[in-house]
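Structural overview
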Amino acid sequence: MHNLSLTQLAAGLRSKQFSSLELTQSFLNRINSYQQLNAYVTVSSELALQQAEAADRRLASGDATPLTGIPLAQKDIFCTQGIKTSCGSKMLDNFIAPYNATVIDHFNQAGAVMLGKLNMDEFAMGSSNETSFYGPSLNPWATDCVPGGSSGGSAVAVAARLAAAATGTDTGGSIRQPAAHCGITGLKPTYGRVSRYGMIAYASSLDQGGPMARSAEDAALLMQVMAGFDSKDSTSVDQSVPDYSASLNDSLQGLKIGLPKEFFSSDLDSRMASTLLAAVDEYRKLGAEVVEVSMPTLALAIPAYYVIASAECSSNLSRFDGVRFGYRCHNPADLTDLYTRSRGEGFGSEVKRRILMGTYALSAGYYDAYYLKAQQVRRLISEDFKRALNEVDVLMGPVTPSPAFKIGEKTGDPVQMYLSDIYTIAINLAGLPALALPAGFIDDKPVGLQVIGNYFSEAKLLNIGHRYQQVTDWHLQQPHGFE
Ligand code: GLN
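Residues numbered from 1 in each chain as written. Predicted model: local features only at pLDDT ≥ 70, side-chain atom pairs only at ≥ 80, totals over all residues. Heavy atoms only, no water.

**A short note on the overall build of the protein chain**
For clarity, the threshold we go by: Only DSSP runs of H or I covering at least 4 residues are called helices, and only runs of E covering at least 2 are called strands; the numbering of each starts at the N terminus. Partly exposed residues are those whose accessible area sits between 20% and 50% of the maximum for their type, while under 20% is buried and over 50% is exposed, using a 1.4 Å probe and protein chains only. By definition, residues are in contact when any of their heavy atoms lie within 4.5 Å. A positive count includes Lys and Arg, and a negative count includes Asp and Glu. His and the chain ends are not counted in either. Charge placement uses NZ in Lys and CZ in Arg. For Asp and Glu, CG and CD serve respectively.
Looking only at helices and strands, one finds 15 helices and eleven strands in the protein chain. Summarising its shape, the C-alpha atoms of the protein chain cover approximately 65 × 55 × 45 Å along the three principal directions. The 483 residues of the protein chain split such that 62% are buried. In the protein chain, once contacts between residues fewer than 6 apart in sequence are set aside, the share between residues at least 24 apart is 76%. Taken as two groups, the 39 positive and 47 negative side-chain charges of the protein chain have centres that lie 2 Å from each other.

**Some details on the pairing of strand S9 (residues 394–398)**
Cut-off, in case you're wondering: At least two DSSP bridges between two strands are required for those strands to pair.
Taking burial as the measure, the five residues of S9 include five buried ones, the bulk of the element. In the sheet, S9 pairs with strand S11 (residues 445–452) via four bridges, with the strands oriented antiparallel. Within the sheet, the bridge partner assigned to Leu 395 lies in S11 and is Ile 452.

**Observations concerning helix H8 (residues 270–285)**
Definition in use: Here the expected length of a helix is defined as 1.5 Å per residue gap, with one fewer gap than residues. By arc we mean the arc of the directions from the helix axis to the C-beta atoms, nothing more. Any pair of N or O atoms that falls within 3.5 Å is considered a polar contact. Within protein, one atom must be able to donate a hydrogen and the other to accept it, and sequence-neighbouring residues count only if both atoms are side-chain atoms.
Compared with an ideal rise of 1.5 Å per residue, which puts 16 residues at 22 Å, H8 spans 23 Å between its outermost C-alpha atoms and is within 8% of the ideal. Buried within H8 are the following residues: Met 272, Ala 273, Thr 275, Leu 276, Ala 279, Val 280 and Tyr 283. End-on view of H8: buried residues confined to an arc of 170 degrees, all on one side of the axis. Set apart from the buried face of H8 by more than 90 degrees, the exposed residues are Ser 270 and Lys 285. Tucked into the core, H8 has its buried residues touching strand S7 (256–260), strand S8 (289–293), S9, strand S10 (434–442), S11 and helix H15 (458–471). Two to three positions downstream of the cap, the backbone nitrogen of Arg 271 sits 3.0 Å from a side-chain oxygen, assigning the N-cap of H8 to Asp 269. A positive backbone phi angle near 105 degrees is found at Gly 287, which sits one or two residues after H8.

What follows is the structure, given as structure tokens:
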């Protein structure tokens, strides 16, 4: 059962091959059997079984949606009423949100089952899941390697079939990078497409939730539920939501693909380059035309991002003060002691590093030199994309510089870690949507192809992903030992 696609699961539920209760129990059993992967922070079995029973009643009554009764799991950054929302941090290890994120409400309304909350880098800061207070999640393709981050638990759960599909969030690559490292399909939507209400903020001008699934077809079904205007999120865009499944099979004849030469420079590992170019060849066979484009400002993305994201996080994380949310130190001597010890003990070292960098960049005297400059660079990057996407329909390139790296390999060198997102970060700065697709293997570890589209072109990206998955089987491969 756990190997069926979302569409097959929905059909199985309707034809009564299995009930949602049976399906949910079978996923809960798998979660229990593969605890060593550390994909989940919280398994909400009781809630899941209740939701499954309700879904079975709804299915019987005939008013079900495509996701009714399907067991999913949520990144532990989305607030869930009554179930712990830790955001991967000791700071929120005791936090039970009094309300649901809009995305969670949407899944509940659709009748989906929530198996639990997925492991992630602390406050979504990281590229390897190693900054999590709960320890790293392990890549099922090579358990001595990271699954990527920050949505590492989500990618692991989907790849090892510990959930039928999952959600992630992407501030600088956190959906696409773990999707690529774990051989699954991840979509980072246009900024403003998916509500951020109740999604714990890291860098508000960059954060965006999206689907992590085994195929573009499955991702389309999740996107249908996640997308849409939300008056509770002031940056949500009031634009109608297309039917993401309807255009999956559209022809790619005449599709114009741009390959940014900066993505395929001599810095890119030669095996990565040949794997990706083979994927691009499949698109040629599907009728696409391929041209080279140039994005000269891409090289500035990492420094600009780490100024902007850190600045925004230093402001967003100021609310965790030991008074209103989460962790509070024992026996504070006075108010200052309460603040400093609660924050000092509650946050991990990467989060502290970001807060320090951000506070520095925003302080008087440095603001113009760093923050303002970074915002100007951000504008240049957006304009580069605009120019390129006027010439072509989509851009293609790598998701990551290499396949999944070893646990511990980059923890001692933050800059090396930051460079793991060199191909994903610019897209967030521009607010564009991008898809990560399984496109091959290097040393038995998955490699992802990134497809970047224009604003609100999610349906097109999913169509491009689906057509590729009709002619390739990378997305159907499974990690040994977790079949
Ligand atoms: N790795 C990047 C960071 O640490 C991106 C993380 C993300 O997308 N949430 O900020």
